[in-house]
Amino acid sequence: METPTAARPAAPHSVNTLIVGAGQAGLATSYWLSRTGVDHQLLERRATLGGAWQDRWDAFCLNTPNFSLALPGMPYDGPAPEAFMLRDDLIGHFRHYAESIDAPVRTGADVTRIAAAEGGGFNVATTQGSWRARNVVLATGGYQKPKIPALSAQLPSHILQLHTDSYRNPGQLPDGAVLIVGTGQSGGQIAEELLAAGREIHLAVSTCPEAPRRYRGQDLLYWMMQLAQFGPDYGLNGLTVGQLPSPAARFACNPLVSGADGGHDIHLRDLGRRGVRLHGHLEAADDGDLVFSDDLPERLALVEGAFYQRMKPMFDSYIAATGMSAPEPEPPRTDDWLPSEPARLNLEAANVTSVLWATGYRLDFSILDIPVLDEWNYPRHHRGVTEHPGLYAVGLPWLTGHGSSIVAGVGRDAEYIAQHIAGNTAAR
């Protein structure tokens, strides 16, 4: 009688280049790899295409105008370049792009481990089997894991706590007041949405800068795109990674603007005048008692002045250097309204029943079994080429510049990486 033998594991799939993630960074890299003739495969952990945009709330609206949806080979050519695309339309836009470039995507393929293979290349384990690849491109983006402060554990158990990643609409929250912690783009937009729904809101103010939606006749993103692409030709390198004051600055928040209702500025003092209770930074929690920093006047002045100290001079210098015609700049907005909220808040007394953490995301490369990450969990690299041969990164915040993680800028980094891979492939 024969003894049964264990089934042999399936042989690994083989490909020149694996791209982990099929959001905007992965698809842009696929476009350029196809142009250079490199055999590749995209692995997407989600069941459907659309990237992290599928994790946004129901009424989410893109904060960058439609003209910034400049994917490689498919610039925006719709009827409303200055409008702001809604979440579901945006998801459809990326799905159409994947189809139009014939991207080789496997959905529902969650990568669980990437390790160096003996003799070079990589062994990649996924929920749909294993792969062997000469190259791996990390295109999982900068919004991988919701970041929630440790003090969240000190809040009463009956308080509903959600990160903005899990927030969908006002009806999801119980009756009562809402505390939003953080005033980046998500915190600002959701505060406006809840205010319009008639909710009482407490808002813990962070240091994300306010900015005008439009400046000198153009949307804020127009000038940022111009500077990122053409600024270095005029010696204006303020939006390149080499000009950051420290590596930690790669994770600074984006300007507080909104694409909702046709696009507009968000001013915290205006929200305060409309009834939002403004507080300083959330510093401590003891069951139902919260303590905020007592520097709210200075904090508001900081967020209001940041644009005029950093971005305005860059935009003005670019306009002057290129000789472009643009309206004269408007004087800075002045506003001396101040809130009068105390530095302490008792959740029960204020009838706060839910807390929304608008505190951003952190990088998560725990799938990497390769020692290539720095102290911020960011791959050590030069222009996306990491220290480990054959391992690349695309789509991370400030990979090479301010635009590296947005649709308008990811294509340039993807093209460089694709050319690097093609050159190495041809040399073998």
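Everything that follows concerns the structure shown earlier in this document.
Computed from a predicted structure; not experimentally measured.

This part takes up helix H2 (residues 87-100). Here H2 contains 14 residues, and its C-alpha end-to-end distance of 20 Å stays within 8% of the 20 Å for a straight helix at 1.5 Å per residue. Three or more residues of H2 are buried, namely Arg87, Leu90, Ile91, His93, Phe94, Tyr97 and Ala98. Down the axis of H2, the buried side of the element spans an arc of 155°, and every buried residue falls inside it. Set apart from the buried face of H2 by more than 90 degrees, the exposed residues are Asp88 and Glu99. Buried residues in H2 make contact with helix H1 (24-36) and helix H7 (407-427). Just beyond H2, the residue with positive phi is aspartate 102, at close to 55°.

Bringing empty space enclosed by the protein into the picture now. Gaps between atoms show up when a probe of the same size as a water molecule is rolled over them. Scanning the model with the defined rule gives 1 cavity of 30 Å³ or more in all. Elements with a contribution of two residues or more to the lining of the largest cavity: helix H4 (220-230) and H7. The leading source of residues in the lining of the largest cavity is H4, at 4 residues. Counted by class, the lining of the largest cavity contains 7 nonpolar, 3 polar and 1 charged residues.

This part is about the state of the cysteines. What the rule picks out here adds up to 1 disulfide. The closest cysteine sulfur to the non-disulfide-bonded cysteine 61 is located on cysteine 208, 19 Å from its own sulfur. For cysteine 61, a relative accessible area of 4% translates into the label buried.

Secondary-structure assignment places aspartate 88 in helix H2. Taking relative accessible area as the criterion, aspartate 88 reaches 52% and is therefore assigned exposed. Residues aspartate 88 and aspartate 58, spaced 30 residues apart in sequence, show a C-alpha to C-alpha distance of 8.5 Å. Polar contacts involving the side chain of aspartate 88 include one to the side chain of arginine 87, which spans 3.0 Å.

Attention shifts here to the sheet that holds strand S17 (residues 289-292). Across a sheet, strands are paired by hydrogen bonds formed along the backbone, either parallel or antiparallel in direction. Taken in spatial order, the 3 strands of this open sheet run S16-S17-S18, and their pairing is antiparallel. Two strands lie at the open edges of the sheet, namely strand S16 (282-286) and strand S18 (344-346), each paired on one side alone. Neighbour-to-neighbour, the strand axes of the sheet open up by a mean angle of 20°, direction not taken into account. Relative to S18, S17 is paired through 3 bridges, and the arrangement is antiparallel. Note on S18: the bridge partner recorded for leucine 290 is leucine 345.

On to unusual backbone geometry, then. Even without glycine at this site, arginine 216 takes up a positive phi of about 50°. Among the structural elements, arginine 216 can be located in the loop between strand S11 (214-215) and strand S12 (218-219). By relative accessible area, which is 14% here, arginine 216 ends up buried. Backbone geometry at asparagine 377 places phi at a positive 65°, although glycine is not the residue there. Counting through the fold element by element, asparagine 377 comes out in the loop between strand S20 (361-362) and strand S21 (381-382).

Right, let's get into the nonpolar core. Counting 62 residues, the largest nonpolar core has Leu90, Ile180, Leu194, Leu268 and Leu356 as its most contacted members. If you list the elements that add at least two residues to this core, you get H1, H2, strand S9 (177-181), helix H3 (185-196), strand S10 (201-204), helix H5 (268-273), helix H6 (296-322) and H7. At 7 residues, the largest contribution of residues to this core is made by H7. Excluding anything up to four places from it in sequence, leucine 268 contacts Thr183, Leu203, Val205, Glu210, Leu256, Leu278, Leu300 and Val303. Membership of the second largest hydrophobic core comes to 24 residues, among which are Val111, Ile114, Val124 and Leu399.

The rules behind these values
Residues numbered from 1 in each chain as written. Predicted model: local features only at pLDDT ≥ 70, side-chain atom pairs only at ≥ 80, totals over all residues. Heavy atoms only, no water. Helix = DSSP H or I, 4+ residues; strand = E, 2+ residues; numbered from the N terminus. Expected span 1.5 Å × (residues − 1). Buried < 20%, exposed > 50% of the residue type's maximum accessible area, 1.4 Å probe, protein only. Arc of directions from axis to C-beta. Contact = heavy atoms within 4.5 Å. 1 Å grid on protein atoms, 1.4 Å probe; cavity = no way out; pocket = protein on both sides within 12 Å on 5 of 7 lines; lining within 4 Å. Points joined across faces, edges and corners; volume = space filled by probe spheres on them. Nonpolar A, V, L, I, M, F, W, Y, C, P; charged D, E, K, R; others polar. Disulfide = S-S within 2.5 Å. Polar contact = N/O pair within 3.5 Å; in protein donor to acceptor, adjacent residues only side chain to side chain. Pairing = 2+ DSSP bridges. Axes fitted to C-alpha atoms, helices over the stretch in contact; angles between N-to-C directions. Core = buried A, V, L, I, M, F, W, Y, C linked by side-chain atoms within 4.5 Å.

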